[in-house]
Amino acid sequence: MTCRDMILSEDFQDFLTYYILPEGTLEEEVSSDAFCFVPVSGRLWSVYFNRENLPPLSFSGYQYRYVTELYGLADDFVWGAQGQSFDPQPLIKSGIVELQGEPLTLTGRNVVIGFADTGIDYRNPVFRRQDGSSRILAIWDQTDQTGTPPEGFYYGSEYTREQINAALSLENPLEAVPVTDENGHGTRMASAAAGSAVNGGLDFLGAAPDADIVVVKLKQAKQYLLDFYLIPEGVPAYESNDIVLAVKYLNSFAVPFVRPLCICLGIGRSFGDHRANSALSRYLSEVGSDINRVVVVSGGNEGNSAHHYAGTIIDRESEDIELRVGEGTKGFLMEIWGNLPSYFAVMVRSPGGEEIPVISSRLEREVEYSFVYGRTRIRIDYQLNDLAAGGEVAVLRLEEPAAGVWTFRLVQEAEGYGAFHMWLPLRQFVEGTVEFLRPSPDTTLTSPSYAQDVLAVSAYNSRNNSFYVNSGRGFALDGRIKPELTAPGVDISVAAGRLQGSALIGTASGTSLAAAITAGACAQLFQWCVPDQNYPDINGTGLINFLVRGAARDASQSYPNRTFGFGRLDVAGVFDWLAGIMRG
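Residues numbered from 1 in each chain as written. Predicted model: local features only at pLDDT ≥ 70, side-chain atom pairs only at ≥ 80, totals over all residues. Heavy atoms only, no water.

A.B. asks: So what exactly am I meant to see when it comes to the overall build of the protein here?
C.D. replies: Across its full length, the protein carries eleven helices and 30 strands. Its C-alpha radius of gyration of 24 Å places the protein within 12% of the 25 Å reference for a compact globule of 584 residues. In terms of overall dimensions, the protein has a C-alpha envelope of 70 × 60 × 50 Å along the principal axes. The buried share among the 584 residues of the protein stands at 60%. The contacts of the protein with a sequence gap of at least 6 include a subset with a gap of at least 24, amounting to 76%. (Helix = DSSP H or I, 4+ residues; strand = E, 2+ residues; numbered from the N terminus. Rg over C-alpha atoms; globule rule 2.2 N^0.38 Å. Buried < 20%, exposed > 50% of the residue type's maximum accessible area, 1.4 Å probe, protein only. Contact = heavy atoms within 4.5 Å.)

Listed below in structure tokens is the structure:
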């Protein structure tokens, strides 16, 4: 059985792990009939094991860090009617349009913007030059197994610019390059970040209209993971293994000191330690700290979802947390994270008053319970000392929960200060509704925006400077300032389709659009730094520092704060700051 077969097969379980293999095998695929190791970077490997040889998937059967993560999309799309006009206001407010003109003419020339998302409609005019040729360097379609995969990646199909241009000359380009974007999220992001100047920018304009584009179309997560996380049917969900390999592919398009790279991710997950300890976060930190790379990540749209609760329990006392479950909710997961040195016991009471007795986390085991009244099944997995974060984590999995108010009692089993956080899934990952009655909107950025050396972006309405109500908020639980910036993310003009060869313009809102606009701004700044030879050895951290210094700030607010970070994206403000330094 080939490694490709294992990557695609439901019979194989996926892991991301830091592992040392025997000497001589570190730079090649390692596989047998039972497993396959695919190198990512250093000691990080994407691993696939035959499930027949493994215990059932659970957070007690495996360390938390080894259970594959699922990520969802982060925008709220609204279809625009035919003839809707392009609105450049968000780009103007971000200082982007000002820099596209003389004297700097920063349009992203010789810079690459990479996306790992739902694909791209490469036929759309907003991704083509005036001569009709494509601005897309390459597409790796992980969902298409009919072509040749990229070298070293074993699955999917890669299509180069030459193949795309040849396809565009055909009556039906999809016959030659069958890449589509059924969802449209990836197309919307790419158009906002790097859409061409159509009709001189009057009909459409992206933040970096001359940047090159590379796209990975992520494949849907395996069904065994969708079932485990209780993901509703048809909802896009992507697993960390495919995302990590996508970032590795995108990273290969950077040419240090010649062609910098901006990687833009409009995906996230609400679970995890809300620091930066997952394998994906650590890998993004590695890429973002390298020369001529920057990683921009959307902060997610969970700030107004009532899916986070924060509390403190002192000296062996307890706290009751109430959760409302709506009619028809199929099931959901919930994570409880305790800060060191705390550890907690959990009691659960159903809306009908039936209780699960207090269960101590010190048992570090899986507990399952079926309620006598109703069909609800609950499983609690404890890990007293998560290997990555070091604190306690409990994962509760409820199937067919009864509608009404559920009560979760946390009992502090240690003396002293006991802070804890509880998170529910992304809104779209729950079929039905589930909400904390007393939620906290803070610390609701989605991972991997907490990663170090990565630019996390929240969203605001650039027409009145108000914070986007759904946007995630900071900070990281280890005290780091996240998000670093906020960018326009409300009613952003995007490519929403095609009609007789012309682009249809729609509007979209969400932090993924804020990240896309920021990625375009990064491409502008990268052009000035690297191809224009002003700071040719800059890395992601340096670029982020430039943007933070140039951010727009209001006198009525203190910075940094949990919503706007260090301020609003203003790439022109970077050059105002630089000019001030030179004058000073």
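From this point on, the discussion continues.
A.B. asks: Would you mind showing me how to read the sheet that holds strand 16 (residues 318–325) here?
C.D. replies: Where strands meet in a sheet, backbone hydrogen bonds hold them as pairs that are either parallel or antiparallel. Taken in spatial order, the five strands make up an open sheet running 19-18-23-16-25, and their pairing is antiparallel. Strands at the two margins of the open sheet, each flanked by one partner only, are strand 19 (355–360) and strand 25 (434–436). Across the sheet, the mean angle separating the axes of adjacent strands is 20° when strand polarity is ignored. By the bridge criterion, eight bridges tie strand 16 to strand 23 (residues 404–412) in an arrangement that is antiparallel. Bridging from a neighbouring strand, Ser318 pairs with Val411 of strand 23. (Pairing = 2+ DSSP bridges. Axes fitted to C-alpha atoms, helices over the stretch in contact; angles between N-to-C directions.)

A.B. asks: Is there a simple way to think about the pairing of strand 16 in this case?
C.D. replies: A regular strand places its side chains so that they alternate between the two faces of the sheet. A one-sided burial pattern is seen for strand 16, the buried positions being Glu319, Ile321, Leu323 and Val325 and the unburied ones Ser318, Asp320, Glu322 and Arg324. As paired elements, strand 16 and strand 25 share three bridges and run antiparallel to each other. Residue pairing in the sheet places Leu323 in a bridge with Phe436 of strand 25.

A.B. asks: Sorry, what's going on with the state of the cysteines here?
C.D. replies: Under the counting rule described, the total for this entry stands at one disulfide. Each disulfide pairs two cysteine sulfurs, and for Cys3 the partner residue is Cys36, the sulfurs being separated by 1.7 Å. Torsion about the S-S bond of the Cys3 and Cys36 cystine: about -70°, corresponding to left-handed handedness. Of the two residues, Cys3 is situated in helix 1 (residues 3–8) and Cys36 in strand 3 (residues 35–41); the sequence distance between them amounts to 33 residues. Here Cys3 falls in the buried class, since its relative accessible area comes to 2%. Relative accessible area serves as the criterion here: at 0%, Cys36 is assigned to the buried category. Sulfur of Cys264: no disulfide; nearest cysteine sulfur belongs to Cys262 and is 6.2 Å away. A relative accessible area of 1% means that Cys264 is categorised as buried. (Disulfide = S-S within 2.5 Å.)

A.B. asks: Help me out: how do you make sense of the sheet that holds strand 22 (residues 392–399) in this one?
C.D. replies: The antiparallel open sheet is built from six strands, whose spatial order is 15-24-17-22-21-20. Among the strands making up the open sheet, the edge pair consists of strand 15 (308–314) and strand 20 (366–370). Neighbouring strand axes in the sheet, compared pairwise and without regard to direction, differ in orientation by 15° on average. Relative to strand 22, strand 17 (residues 331–338) runs antiparallel, the two sharing eight bridges. When the bridges of strand 22 are listed, Gly338 appears paired with Glu392.

A.B. asks: Got a minute to help me understand the confidence of the model for the protein in this structure?
C.D. replies: The predicted coordinates should not be examined in detail at positions where pLDDT is low. When the pLDDT values of the protein are averaged, the result is 91; 93% of them are 70 or greater. Counting contacts from residues 23–28, a segment whose pLDDT is below 50, to residues more than four positions away or on other chains yields eight contacts. (pLDDT = per-residue confidence, 0-100.)

A.B. asks: Mind showing me how you'd approach the nonpolar core here?
C.D. replies: Soluble globular proteins tend to pack their nonpolar side chains together in the buried interior. Residues Ile113, Phe115, Tyr122, Leu525 and Leu547 are the most contacted members of the largest nonpolar core, which totals 75 residues. Among the elements that make up this core, the one with the highest residue count is helix 9 (residues 511–529) (13 residues). Core analysis: the next-biggest nonpolar cluster, separate from the first, contains 45 residues, Val214, Val216, Leu261 and Ala451 among them. (Core = buried A, V, L, I, M, F, W, Y, C linked by side-chain atoms within 4.5 Å.)

A.B. asks: Looking at this structure, I do not really get the UniProt feature "domain: Peptidase S8/S53" (unreviewed entry) in the protein. What am I missing?
C.D. replies: What UniProt calls "domain: Peptidase S8/S53" (unreviewed entry) maps, in this numbering, to residues 108–304 and 442–567. The span residues 108–304 shows a helical share of 23% and a strand share of 19%, and its end C-alpha atoms are spaced 34 Å apart. (UniProt positions renumbered as here; feature names shortened; annotations may be inferred.)

A.B. asks: So what exactly am I meant to see when it comes to the packing of helix 5 (residues 185–194) against helix 9 here?
C.D. replies: Two measures define how a pair of helices packs: the angle their axes make with one another and the distance between the axes. Interaxial distance between helix 5 and helix 9 falls to 7 Å at its minimum, and their mutual angle equals 35°. The two elements helix 5 and helix 9 cross, and the hand of that crossing is right-handed. Counting all contacts with helix 5, which are made through His185, Arg188, Met189, Ala192 and Ala193, the residues of helix 9 involved are Ser512, Leu513, Ala516, Ile517 and Gly520. For the contact of helix 5 with helix 9, the per-class residue count stands at six nonpolar, three polar and one charged. (Left-handed = near helix turned anticlockwise from the far one by under 90°. Nonpolar A, V, L, I, M, F, W, Y, C, P; charged D, E, K, R; others polar.)

A.B. asks: Can you walk me through helix 7 (residues 240–251) in this structure?
C.D. replies: A turn of α-helix holds 3.6 residues, and therefore any two residues three or four places apart point the same way. Taking 1.5 Å of rise per residue, twelve residues should cover 16 Å, and helix 7 covers 16 Å from first to last C-alpha, within 8% of that figure. Judged by how many residues are buried, helix 7 sits mostly within the fold: eleven of twelve residues are covered. For helix 7, every residue scored as buried is listed here: Ser240, Asn241, Asp242, Ile243, Val244, Leu245, Ala246, Val247, Tyr249, Leu250 and Asn251. (Expected span 1.5 Å × (residues − 1).)

A.B. asks: Would you mind going over the UniProt feature "active site" (unreviewed entry) in the protein with me for this structure?
C.D. replies: Per the UniProt record, the feature "active site" (unreviewed entry) sits at Asp117, His185 and Ser512. The greatest C-alpha distance among the annotated residues, which extend across 396 residues, is 10.5 Å, indicating that they converge on a single site. Considering the arrangement of structural elements, one finds Asp117 in strand 7 (residues 112–117). Overall, Asp117 belongs to the buried group, its relative accessible area being 2%. One polar contact links Asp117 to Thr118, side chain to side chain, over a distance of 3.5 Å. Note that Ser512 resides in helix 9. You can call Ser512 buried: its relative accessible area is 0%. Setting aside chain neighbours within four positions, we find Ser512 in contact with Ala74, Asp75, His185, Met189, Gly266 and Ser298. (Polar contact = N/O pair within 3.5 Å; in protein donor to acceptor, adjacent residues only side chain to side chain.)

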